[in-house]
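Listed below are the residues making up each chain.
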Amino acid sequence: MKNVLVIIFSLSTLIGLSQLTQTVRGKVYDAETNYPLAGVRVQVITDDTNARFIGGTDANGEFTLKKIPVGKHKLVSRLSSYEQSSVIIEVNSGKELILNIPLMEMVVTKEEIVVTARKKGEVLNEMAVLSAQQFSVEETNRYPGSRMDPARMASNFAGVQGSDDSRNDIVVRGNSPLGVVYRVEGIDIPNPSHFAISGSTGGPVSILNNKILGNSDFFMSAFPAEYGNSTSGVFDLKLRNGNNNQHEFTGQFGLFGTEVLAEGPLGKNGNSSYLVMGRYSSLAIFQKLGVSLGTDAVPVYGDGAFKFNWKLKNGGQLSWWGMGGKSDIDIMISEQTKYSTEFYGEGDRDQFFGTSMYVSGLTYKKSLNEKTYISATLSGSREEQHTRHEYLHRTLSITNADTTIKVDSSYQMLGYDFRTMKLSGYFAINHKINKQHLIKAGVNFDVMSFDLIDSVLNDLDDRNSWKTRWNYNGMGVLVQPFIQWKWKMSDKMDLTAGAHAQYFSLSNSLSAFEPRLGWKYRMKGDQAIFAGAGLHSQTQPYYTYMYDPDNNGKPHNINMDFSRSVHSGLGYEKSFGPGLNFRTEAYYQYLYNLPISSDPNSFSLVNAGGGFSRVFPNDTLLNEGKGVNYGLEFTLQKYFSKSFFFMFSASIYDSKYLASDGQWRNTSYKGANISDNIDLSYVWNVLAGKEFNIGKKHVIGVGTKITRAGGRRYGLVDIQQTTDSKEILFQDSLFNELTFADYFRVDLKINWRMNTKKLTHEIGLDLVNLLNTKNLLSLAYAPRLDPSDTSDPIAEKQQLGRLPIFYYKIDFKVAGKKD
């Protein structure tokens, strides 16, 4: 009898498990006009049994497929005269899956011919034909070492690499991270990072949380005309809507934060939704609970985001969205009894540093008819950075053979507070003239208010020798109109052409005409070739315009012009089957108008932006510098399907600049050469992952990433100037000619996921730098406290060592319409 009961219980359990299902909903629309498409045939084909669940879109382009089994499946969308769409989806029991599916209209309607599906990874922007990549939340979660951060995820792409393991700055084709732009709903937003240095585009922890993002685009070169004020790369981020059918919640606890997310309908008619989330530093929580963390330099940060969306009676959509964060850290060197240099600070001072960033906006979107679509956003933002440094007079104390450090006195040596507020607007109109011709035109504007104050001791031995370097309060306006045209010459060939313009009132800089051109030809055998070129311009970090070391109300560099760049690229791609693609691209970039010193030396602003330091030019900067980046990239990628994925990406490249002394040098973002005889650097990544289904409920995932790149560059240290200024200063003669050993890192990610009827549990461990490789980052000033120590005051700073990042996540639904 006991055995019979066991058998009955086991069978009932299996039956219950086999009934784990979820609803898949979404909207299908024209990729070029955003007009909803009715009558689209949508079907889900299960990965294991090949079962098919079929539905169709209504007059609003919306579809609902109920009782879809939990797991990985293929979703196919078909409509006559449109290219077929085929995507891999992942269905979990804890949250409904809501999709937005764009379909591209064909120039010539083909009867009874199987149309090649839109490829995985193709960008959302209909004007982009080269140097662009779509990324999804799914990928940022799956890639080892990405930490659920879009910037760190992008560093896996060919031509992109990180500049510092402790930060998410990215180097795109040898360009400074200063050239990267983050855009949300058409608006360029402030640096979305905690502990962000003024003017930078990265930081240690991202404020952007991938749980609020939909599929988004990343551009690396010759991007479409609507993108400006960048010579490097653009993140075009899309915020997803909350579930308008049922209330769902997500909770997550991990090393980098404890967070909650809620989403659901605002009313009973399904015409509105909300999405709200917040996160707070887990390490700060531990500290408040009295848990010892081995250091008092605990980063304290919190961030949040929201989006409310309403469907209007006239067919339009209105959304109110926002995001922001605040961060602080106190680095107390004075509390150390044994000398060491902490990663975020130098060893002769206490540092108190904090930042904040907030942005919120209203976005309106509407399809006026089947051929015309408008989008408009109005937003406001605020960013702030502040710091205070306390200089330490310290001596060594030797007692009973024990050497300790004693602080004799301390006093403030530096302080600053930089604040920038911005009112931003965006308007664009798409009009499809016919099946072959599409025009998009619009404008971006930013009205900025600056309030900058900075003072420093001119002589550290004189507490009254204060020197003001920034004392600026003023306004600036940046305006960027654009127009873009796409000609679908046939179903095999596209041509795009456009123009961008840019005006910045603070420096009275104008770039009246920036042409952009792209071309793509699809050949037999799922092959394509593509090419493009464009002229781009970029403002300098705003604080550099207002630098006023003489404190006479006449900033040295207020008239700096834009940096300018000519991008060009040529590429080839081939698809070997569902989800397996090969792509190679050659590029050449010529930069000019780069700010360099008026005195003959090695300085160029092209080397700034990759760390925790600001720029302090001793003289007036002139827009007379030049630069060249060129390289060849390769990518072989299998997108996730059949329970596994892999990607190999590689780049060989050169990156050089011309300074005011007339010498061409390697930039700080070019790694060590491949060999003594080849003046090119390299970087390659290998990523792979596999998921194992354990019964019907459990999934175990394992993934790895291996990265190798040329080592970081540095120069000969000027010991006297370094000692006097108490910061590392290099001689001009061999600047960036010396290199550290090549960079090598292995990451490993393991996660377990369990689906129940209304919940999904996930536990993960991301082991960054699994082998604890001692990669070198830079040189740092390290004062010698022992008078008998005559060694140079220099220390080597290492990249991050082994870092285990754990998390636990739970998704669950609490109410909604019946299936």
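Residues numbered from 1 in each chain as written. Predicted model: local features only at pLDDT ≥ 70, side-chain atom pairs only at ≥ 80, totals over all residues. Heavy atoms only, no water.

### With respect to the overall build of the protein chain
Right, on to step 1. Summing up its helical and strand segments, the protein chain has six helices and 43 strands in all.
Right, on to step 2. At 28 Å, the protein chain has a C-alpha radius of gyration in line with the 28 Å of a compact globule built from 819 residues.
Right, on to step 3. Seen through its C-alpha atoms, the protein chain measures out along the principal axes to roughly 80 × 75 × 55 Å.
Right, on to step 4. For the protein chain, the residues scored as buried account for 56% of the 819 residues in total.
Right, on to step 5. When the accessible surface of the protein chain is split by element, carbon and sulfur atoms take 57% of a total near 33600 Å².
Right, on to step 6. The average position of the 87 basic charges and that of the 83 acidic charges among the side chains of the protein chain differ by 11 Å. (Helix = DSSP H or I, 4+ residues; strand = E, 2+ residues; numbered from the N terminus. Rg over C-alpha atoms; globule rule 2.2 N^0.38 Å. Buried < 20%, exposed > 50% of the residue type's maximum accessible area, 1.4 Å probe, protein only. Areas by Shrake-Rupley, 256 points an atom, 1.4 Å probe, with all protein chains shown as cover. Lys, Arg positive; Asp, Glu negative; His and termini not counted. Charge placed at Lys NZ, Arg CZ, Asp CG, Glu CD.)

### Details of the confidence of the model for the protein chain
Right, on to step 1. Here the protein chain shows a mean pLDDT of 88. Residues at 70 or above account for 92%.
Right, on to step 2. Within the model, the stretch residues 1–17 combines pLDDT values under 50 with two contacts to residues more than four positions away or in other chains.
Right, on to step 3. Counting contacts from residues 110–117, a segment whose pLDDT is below 50, to residues more than four positions away or on other chains yields nine contacts. (pLDDT = per-residue confidence, 0-100. Contact = heavy atoms within 4.5 Å.)

### Observations concerning the pairing of strand β20 (residues 300–311)
Right, on to step 1. Judged from the nine bridges that link them, strand β19 (residues 272–280) and β20 form a sheet pairing that is antiparallel. Its bridge partner being in β20, tyrosine 274 is matched across the sheet by phenylalanine 308.
Right, on to step 2. Here β20 pairs with strand β21 (residues 317–331) via 12 bridges, running antiparallel. Counterpart to valine 300 in the pairing with β21 is aspartate 328.
Right, on to step 3. Counting the residues that bridge the hairpin from β20 to β21 gives five residues, and of these glycine 315 lies at a positive phi of roughly 95 degrees. (Pairing = 2+ DSSP bridges.)

### Considering the sheet that holds strand β2 (residues 41–46)
Right, on to step 1. With respect to topology, four strands assemble into an open sheet ordered β3-β2-β5-β6, the strand pairing being antiparallel. The open sheet has two free edges, formed respectively by β3 (52–56) and β6 (85–91), since each of these has just one partner strand. Shown here is a sheet whose adjacent strand axes are inclined to one another by a mean of 25 degrees, direction ignored.
Right, on to step 2. Here β2 runs beside strand β5 (residues 71–78); their pairing, made up of six bridges, is antiparallel. The residue bridging isoleucine 45 from the neighbouring strand is lysine 74, located in β5. (Axes fitted to C-alpha atoms, helices over the stretch in contact; angles between N-to-C directions.)

### Considering the sheet that holds strand β16 (residues 233–237)
Right, on to step 1. With mixed pairing, five strands are arranged side by side in an open sheet as β8-β15-β16-β11-β12. Every interior strand has two partners, whereas the edge strands, β8 (132–135) and β12 (187–188), have only one.
Right, on to step 2. In this sheet, strand β15 (residues 216–219) lies alongside β8 in antiparallel orientation, the contact comprising four bridges. Directly across from glutamine 133, in β15, lies its bridge partner phenylalanine 218.

### Quick look at the packing of aromatic side chains
Given two aromatic rings, their pairing is described by the distance between the two centres and the angle made by the two planes.
Right, on to step 1. In this structure the tally under the stated criterion is 32 aromatic pairs.
Right, on to step 2. On the numbers, 6.1 Å between centres and 75 degrees between planes, the contact of phenylalanine 253 with phenylalanine 286 is edge-to-face. Separated by 33 residues along the polypeptide, phenylalanine 253 in strand β17 (residues 246–254) and phenylalanine 286 in helix α4 (residues 282–288) bring together distant segments of the chain.
Right, on to step 3. Aromatic side chains tyrosine 714 and phenylalanine 740 sit 4.4 Å apart centroid to centroid with 20 degrees between the ring planes, which places their arrangement in the stacked category. One end of the pair, tyrosine 714, is in strand β37 (residues 713–714); the other, phenylalanine 740, is in the loop between β38 (738–739) and β39 (743–755), and 26 residues separate them in sequence.
Right, on to step 4. Linked through ring pairs, Tyr416, Phe418, Trp470, Tyr543, Tyr547 and Phe616 together constitute an aromatic cluster.
Right, on to step 5. Directly above the aromatic system of phenylalanine 612 lies the positively charged group of arginine 167, at a separation of 4.5 Å from the ring centroid.
Right, on to step 6. The positively charged end of arginine 388 is found above the aromatic ring belonging to phenylalanine 352, 4.2 Å away from the centroid. (Phe/Tyr/Trp six-rings, centres within 6.5 Å; stacked < 30°, edge-to-face > 60°. Lys NZ or Arg CZ within 6 Å of the ring centre and 35° of its normal.)

### Focus: the pattern of salt bridges
Right, on to step 1. Considering all chains together, one arrives at 47 salt bridges under this definition.
Right, on to step 2. Note that glutamate 185 is salt-bridged to lysine 365, the shortest N-O span being 3.3 Å. Separated by 180 residues along the polypeptide, glutamate 185 in the loop between β11 (180–184) and β12 and lysine 365 in strand β22 (residues 349–367) bring together distant segments of the chain.
Right, on to step 3. If you follow the salt bridges from partner to partner, you end up with Arg173, Lys520, Glu573, Arg583, Glu585 and Glu633 in one network. (Salt bridge = Lys/Arg side-chain N within 4 Å of Asp/Glu carboxyl O.)

### Points about a nonpolar patch on the surface
Right, on to step 1. Together, Leu266, Trp310, Leu312, Trp320 and Leu362 give the surface a local cluster of nonpolar side chains, amounting to about 440 Å² of exposed area.
Right, on to step 2. With respect to the helices, strands and loops of the structure, leucine 312 is situated in the loop between β20 and β21.
Right, on to step 3. On the basis of relative accessibility, which here comes to 33%, the residue leucine 312 falls in the partly exposed class. (Patch = residues over 30% accessible without salt bridge, like charges linked within 9 Å, V, L, I, M, F, W, Y side chains within 5 Å.)

### A look at the pairing of strand β35 (residues 681–694)
Right, on to step 1. In this structure, strand β33 (residues 644–658) lies alongside β35, joined through 10 bridges in antiparallel fashion. In the sheet register, methionine 647 faces β35, and the bridge partner there is leucine 687.
Right, on to step 2. In this structure, β35 lies alongside strand β36 (residues 698–709), joined through 12 bridges in antiparallel fashion. Of the residues in β36, the one forming a bridge with valine 683 is alanine 709.

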